[in-house]
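Descriptive structure summary
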Amino acid sequence: MKTKLQVGGLASENVRWAESVKDFKLQESALCGDVLLITAFVSYLGYFSKKYRQDLMDSVWKPYLHQLKVAIPVTPSLDPLMMLTDDADIAAWQNEGLPADRMSTENATILTSCERWPLMVDPQLQGIKWIKTKYGEDLRVTRIRQKGYLDMIEQALAAGEVVLIENLEESVDPVLGPLLGRETIKKGRYIKIGDKECEYNPNFRLILHTKLANPHYQPEMQAQCTLINFTVTRDGLEDQLLAAVVSMERPDLEELKSDLTKQQNGFKITLKTLEDNLLSRLSSASGNFLGDTTLVENLEVTKQTAAEIEKKVQESKVTETKINEAREHYRPAAARASLLYFIMNELNTIHPMYQFSLKAFSVVFQKAVARASPDENLKERVANLIDSITCSVFQYTTRGLFECDKLTYTAQVTFQILLMNKEINATELDFLLRYPAQPGVTSPVDFLSSQSWGGIKALSSMEQFRNLDRDIEGSAKRWKKFVESECPEKERFPQEWKNKSALQQLCMMRAIRPDRMTYAVRDFVEEKLGSKYVAGRSLDFATSFEESGPAIPMFFILSPGVDPLKDVEKHGKKLGYTFNNRNFHNVSLGQGQEVVAEKALDLAAAEGHWVILQNIHLVAKWLSSLEKKLEQHSEDSHPAFRVFISAEPAASPEGHIIPQGILENSIKITNEPPTGMHANLHKALDNFNQDTLEMCTRENEFKSILFALCYFHAVVAERRKFGPQGWNRSYPFNTGDLTISVNVLYNYLEASSKVPYDDLRYLFGEIMYGGHITDDWDRRLCKTYLEEFIKPEMLEGEFLLAPGFPLPGNVDYNSYHQYIDDSLPAESPYLYGLHPNAEIGFLTQTSEKLFHTVLELQPRDTSLGEGSGATREEKVKALLDDILEKLPDDFNIPELMAKVEERTPYIVVAFQECERMNLLTSEIRRSLRELDLGLKGELTMTSDMEMLQNFIFLDTVPESWTRRAYPSMAGLGGWFADLLNRIKELETWTGDFMLPSVVWLAGFFNPQSFLTAIMQSTARKNEWPLDKMTLQCDVTKRNREDFTSPPREGAYVHGLFMEGARWDMQTGLIADARLKDLTPSMPIIFIKAIPVDKQDLHNVYPCPVYKTRQRGPTYIWTFNLKTKEKPSKWVLAGVALFLQI
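Reference entry: report on the structure contained in this document. Everything numeric here is computed off the predicted structure, so don't read it as measured data.

So, how was this worked out
Residues numbered from 1 in each chain as written. Predicted model: local features only at pLDDT ≥ 70, side-chain atom pairs only at ≥ 80, totals over all residues. Heavy atoms only, no water. Axes fitted to C-alpha atoms, helices over the stretch in contact; angles between N-to-C directions. Helix = DSSP H or I, 4+ residues; strand = E, 2+ residues; numbered from the N terminus. Parallel < 35°, antiparallel > 145°, perpendicular 65-115°, else oblique. Contact = heavy atoms within 4.5 Å. Nonpolar A, V, L, I, M, F, W, Y, C, P; charged D, E, K, R; others polar. Salt bridge = Lys/Arg side-chain N within 4 Å of Asp/Glu carboxyl O. Buried < 20%, exposed > 50% of the residue type's maximum accessible area, 1.4 Å probe, protein only. Pairing = 2+ DSSP bridges. Polar contact = N/O pair within 3.5 Å; in protein donor to acceptor, adjacent residues only side chain to side chain. Phe/Tyr/Trp six-rings, centres within 6.5 Å; stacked < 30°, edge-to-face > 60°.

Following both chains from N to C, one finds helix α18 (residues 450–460) and helix α21 (residues 502–512) inclined at 150°, their axes separated by 7 Å at the closest point. Between α18 and α21, the interaxial angle falls into the category roughly antiparallel. Across the interface between the two elements, Ser452, Gly455, Ile456 and Leu459 from α18 touch Cys507, Met508, Ala511 and Ile512 from α21. A per-class count over the contact of α18 with α21 returns six nonpolar, two polar and no charged.

Right, dumping it as structure tokens:
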């Protein structure tokens, strides 16, 4: 009977085992190859993303082993996980909180299988959460430089425990070197830490962990550790959020699914244990194992359990299919949330203050799901969920963004949502963001610039825009009316172009009216997502406060002249938190205040008080302690405990010091000063009151000059928005400058009988405000404003501060505010003395910046969403080949020198230019060839090569080229076309070394050297002293074609442009610019050298000449241009000449 049972029991195992034996035989032949692949998988793949892991495994390694002379056989469908782990392990990990996606499972497998110490790159802290649950109480957690951390490692090393070092930076304490490299001594029994030999227990395990999203570790660190990339992926996060949304919407389903998973995991574990037991009994049974009763029973149990499990597995498969079908309905909501998280996560590339954690995002997500309006219809409910999630995340993110970045974020959200829903064409979006205009074309119509026409030509080459160029030329009248309308984005396009999609219309608008693009994008967002995404309302403090908690501080990003902490005090008062109640602590950080702040935090966390920490950017060294403190108090502190932090953003990304941990968990709020002349003038006046106006005995003069000073203050502060045309450099003018100037005014008026206008202007313009100014042209501007606003005429009848805005009479304080409301004209460049074109220029640059930033935010793993044709690498390779093919050879300088008899000043300039050009072209050639080898895989990609690849992809001139080149604001395409023109110009000149009849001044690396050469050659010819010479420039009435030979002395130059005004050929004077013609070109200018005492300075405007529109550091010379109007008009209008636009 027993035997029968045994044979029967074994018979069913026999079927299962026979299959296994067959599998084992197949596996045996491929075992070596499989082990090789899996070893490589554990050693090398941990740091890569999902796509690279698959590509390396399937497209590189397997084919490589296959094509070897002696091929190494590999199991075709090899899954590394199945060799290294089994379902039972995976199940156990997931029960410990490991996310259920494939990537996380691979990571856990590598972490448990690797020989070197694992280093987890885990910005969203999902890996560390799992590790802490997995090891529980047995895990020793520490941080580098934490008090006593080395002692703790030493004890764990001897006891053979598991140690987790969390939050590593990019550099590691050198003391740990021997431990990381396992440099054992004394036959492997000891390791040296510092000077101390510490006992080493082979069971000791070290796990390293960093929160940094993209760390760069030293090569030796990468050799000592196995890097594992735990960064959440979009699909991975989507699966996690799907589980979260289903567990809130259909808790029954999620419970059933998790029970099923646990049950199946349980089955797998049971079966394995039973099989192992059975095999160990069979192998240890001696002689007559038929008499082994327990073995028989064991067999019977295994057989029954296997049969039961088989049945239950079939049942659960049916249930699982049903559950998955039901869950899939909610996937669109999870996909949208995952997309929004990744857009939010990329924002730190715009500004390092924009850090958001997955933990904080999950809270927003869950609240949004709970807040969504209910609906019986499942489809409607999912739509409501999507809407609620999008809106909540949008609000959460935008309140922490600066005004200038809000539209960038909104546009990126809109484009990405539409791409995901396949509602827009990726190629069209690519055009909109990149704007690859054709260089070197001339516009055939007067209402479009050549830059615009280049865009139209590029668009016309796309199928959807065929014949656009022909239509514009053919129906020029209708297009002109459209292009020149006040708000073309609100008008309808001419002809059938009005039927094009919204994105296609944006592409056309980008070419014809770039200055209206910010408005057009805003309208596009409103059309696609709804008006609530473009309304500029800021959330009130109370609403944001409700979302805060002991673990969620509120972080105010400060802007000059705004005090957000008033809101905190006001709200605190309402809820009973005040200084007098001793439950409200306000610490302004600076030297020695760190201890006070720590005490306040400890007390508040225990008692449930509020703490304000002001200006934490002033205590850089203490910030890591603050981060730890806040983390410590985020658990188990009083539920009423709140922290409010304020800090100024750093001026540049390099200067950013606020730790990620503080930023990502807090609710970030920006408060920015009001914009526009109206708000700024009110704000300037707000620094005073009725008492101020009455304090001076000479009331009339005091009030008039005080109001003029307020207007001056508002103008100089707000003129910044016009970029370089406003000020060459940005200055931190503040209210202190204004209040001190008013004090000085009071003292001077009280002390003298006459108003000392000159003294006052000097004090205000050179000291109070001028103290900030570092650029001579800006100093001239500041002085000119004061000469216009503060002069004796201000007290004699009507005196205009701006067109249509006279200086008010002698009234009281409130009437001044009223006067501003009633009389100040609408916001326009006229209020600053600028031409309306300045606003067009400023808006154009704003939209250029918007698109460039959105382009940089595009996901990296594909070229630009799906379906945009070539991959990133292919695009870069095509551009790279094109540049290398068109780049001419270097100038052969020894050969050129041999052609020259006498080295005149002009010839010296030519040689210098050739040398500089050779330096630049050889760097271009070297870096591109190196990158080409890197892309082919023949060289290791370095960070320099990676940066070069990015620059080329984003159509930006690479840094190593700009360092050797000349200033330029063009994208890579335009810059390279310009470079080829410069080389051509040099080739023509060095052909016979005759000075060209008309010289292209912009074609020089160093235009000053050419202008100096004009003076040198005249000085030599006439034997005049060089230091007593100057240049005179006469603007001719002729064009380039009219000249066939150079002048006897001096040179004709072409290629200059004017901004802020234009040159009137008829009268030969500077005149007001034409509307929408931002940088009209200048006629040919005749430049010759004359003695200084011969120059005529009557009725001239000393006009600065700059290389580019950046102005500032690109200044090269001053040309005196004839004017009938007062030169001060052109100073305020920011009139300048440029060599390139």
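What follows continues from the structure just given.
In this structure the tally under the stated criterion is 52 salt bridges. Ionic pairing is found between arginine 331 and glutamate 328, a salt bridge with its closest N-O pair at 2.8 Å. Put simply, aspartate 978 and arginine 982 hold a salt bridge, and the shortest N to O gap is 2.9 Å. One end of the pair, aspartate 978, and the other, arginine 982, are both in helix α41 (residues 972–992), four residues apart, so they sit about a helical turn from each other. Neither residue differs from the other here; aspartate 978 and arginine 982 are each classed as buried. One network of salt bridges, with partners in common, ties together Arg53, Asp79, Arg102 and Glu106.

Our focus in this paragraph is the sheet that holds strand β11 (residues 610–614). As summarised here, the arrangement of the five strands in space is β10-β11-β12-β9-β13, forming an open sheet in which the pairing is parallel. At either end of the open sheet lies a strand with only one pairing partner, and these are β10 (584–588) and β13 (667–670). Put simply, the sheet's adjacent strands are angled 15° from each other on average, direction ignored. In the sheet, β10 pairs with β11 via five bridges, with the strands oriented parallel. Pairing of serine 588 across the sheet is with glutamine 614, part of β11. Sitting on the sheet, helix α24 (residues 565–575) touches β9 (554–557), β10, β11 and β12 (642–647), and the angle it makes with β11 is about 170°. Sitting on the sheet, helix α25 (residues 594–607) touches β10, β11 and β12, and the angle it makes with β10 is about 160°.

The next point concerns the environment of aspartate 1064. Residue placement: aspartate 1064 occurs in strand β20 (residues 1062–1064). Residue class for aspartate 1064 comes out buried when judged on its relative accessible area of 17%. Taking the C-alpha atoms as reference points, aspartate 1064 and serine 753, separated by 311 residues in sequence, lie 47 Å from one another. Here aspartate 1064 is in contact with Leu1069 and Ala1071, once residues within four sequence places are set aside. Within polar-contact distance, the side chain of aspartate 1064 engages the backbone nitrogen of threonine 1067 at 3.5 Å.

Here we come to the packing of aromatic side chains. What the rule picks out here adds up to 50 aromatic pairs. Where phenylalanine 707 meets tyrosine 819, the ring centres are 6.3 Å apart and the plane angle is 75°; that geometry is what we call edge-to-face. You can see phenylalanine 707 sitting in helix α30 (residues 699–718) and its partner tyrosine 819 sitting in helix α34 (residues 813–823), a full 112 residues away along the chain. In terms of burial, phenylalanine 707 and tyrosine 819 fall into one category: buried. Plain terms: the ring middles of tyrosine 711 and phenylalanine 789 are 5.4 Å apart, the flat faces sit at 80° to each other, and that makes the pair edge-to-face. Linking tyrosine 711 in helix α30 with phenylalanine 789 in helix α33 (residues 776–789), this pair joins segments that are 78 residues apart in sequence.

The values are spatial; any link to function lies outside them.
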